[in-house]
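Fold and geometry: a report
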Amino acid sequence: MAAAAELSLLEKSLGLSKGNKYSAQGERQSPVLQTNNGPSLTGLTTIAAHLVKQANKEYLLGSTAEEKAIVQQWLEYRVTQVDGHSSKNDIHTLLKDLNSYLEDKVYLTGYNFTLADILLYYGLHRFIVDLTVQEKEKYLNVSRWFCHIQHYPGIRQHLSSVVFIKNRLYTNSH
């Protein structure tokens, strides 16, 4: 998904009126936002953080110094590790690492939903949608997190819903 499309989804999920025009610059097609009262902003995470502040939802950037750092870490991870990687091996390595990380967490920062969850969800959607049932089961923590985020109000919007099949581990027989 192009960064401009993601930013439009983010605007809508934040309740912002669609007024921003995005362009792309450079070889990597980095998104650019021309602001009304200042210089243009460049980069997915920079623009996303600006939109969060514009919507007065700063809690999505983290509430403590540590949580803010973790949000920033995952925003950086999204741009450096997820974007530009499309080989199956890269994606499976990424999902394996993320699966381990999410083992004891509901959200990327622990227990609070943040911008990092939204942007990583958007970034991973194109890969998760193509996983087989067996692959989704292999990455149970990622699947749980992804399913949770896609059902968060206003996040998924027009993106296809990813189905996660839940199998019973045990029968009722004695």
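Heads up: these notes are all about the structure in this document. (Residues numbered from 1 in each chain as written. Predicted model: local features only at pLDDT ≥ 70, side-chain atom pairs only at ≥ 80, totals over all residues. Heavy atoms only, no water.)

**Some remarks on the pairing of strand β2 (residues 30-33)**
Rules: Being paired, for any two strands, means DSSP has found at least two bridges between them. Secondary structure is summarised from DSSP: a helix means a run of H or I of at least four residues, a strand means a run of E of at least two, and numbering begins at the N terminus for each.
One ladder, built from four bridges, connects strand β1 (residues 22-25) with β2; its direction is antiparallel. Looking at the pairing, Gln 25 lines up with Ser 30 of β2. Where β1 folds back onto β2 in an antiparallel hairpin, the turn is made up of four residues, including Gly 26, whose phi is positive at roughly 80°. Here β2 runs beside strand β3 (residues 41-42); their pairing, made up of two bridges, is antiparallel. Its bridge partner being in β3, Leu 33 is matched across the sheet by Leu 41.

**A few points about the nonpolar core**
Convention followed: As used in this record, nonpolar core signifies buried Ala, Val, Leu, Ile, Met, Phe, Trp, Tyr and Cys residues forming a set joined through side-chain atoms within 4.5 Å. Think of it in three bands: residues with accessible area under 20% of the maximum for their type are buried, residues over 50% are exposed, and the middle band is partly exposed, with areas taken using a 1.4 Å probe on protein chains only. Residue contacts follow a heavy-atom distance rule, with two residues in contact if any of their heavy atoms lie within 4.5 Å.
Leu 115, Leu 120, Leu 124, Ile 128 and Trp 145 are the most contacted members of the largest nonpolar core, which totals 51 residues. If you list the elements that add at least two residues to this core, you get α1 (3-14), α2 (44-54), α3 (65-82), α4 (88-101), α5 (115-128) and α7 (140-150). The biggest single contributor to this core is α5, with 10 residues. Ignoring sequence-local partners within four residues, the contact set of Leu 120 consists of Trp 74, Tyr 77, Arg 78, Val 82, Leu 98, Leu 108 and Trp 145.

**Overview of a nonpolar patch on the surface**
Applied cut-off: To count toward a patch, a residue needs a relative accessible area above 30% and no salt bridge. Like charges then connect within 9 Å, nonpolar side chains (Val, Leu, Ile, Met, Phe, Trp, Tyr) within 5 Å. Accessible surface is estimated by sampling points in the Shrake-Rupley manner with a 1.4 Å probe; for residues, cover comes only from the protein chains shown. The salt bridge criterion pairs a side-chain nitrogen of Lys or Arg with a carboxyl oxygen of Asp or Glu, the two atoms within 4 Å.
Residues Val 133, Val 163 and Ile 165 make up a contiguous nonpolar surface patch of about 250 Å² in total accessible area. Within the secondary structure, Ile 165 is located in the segment after α7.

**Considering unusual backbone geometry**
Residues other than glycine seldom take positive phi values, yet Asn 56 does so here, at roughly 55°. With respect to the helices, strands and loops of the structure, Asn 56 is situated in the loop between α2 and α3. We note that Gln 157 has phi near 50°; this positive angle belongs to a residue other than glycine. By secondary structure assignment, the location of Gln 157 is in the segment after α7. Judged by its relative accessible area of 25%, Gln 157 falls in the partly exposed class.

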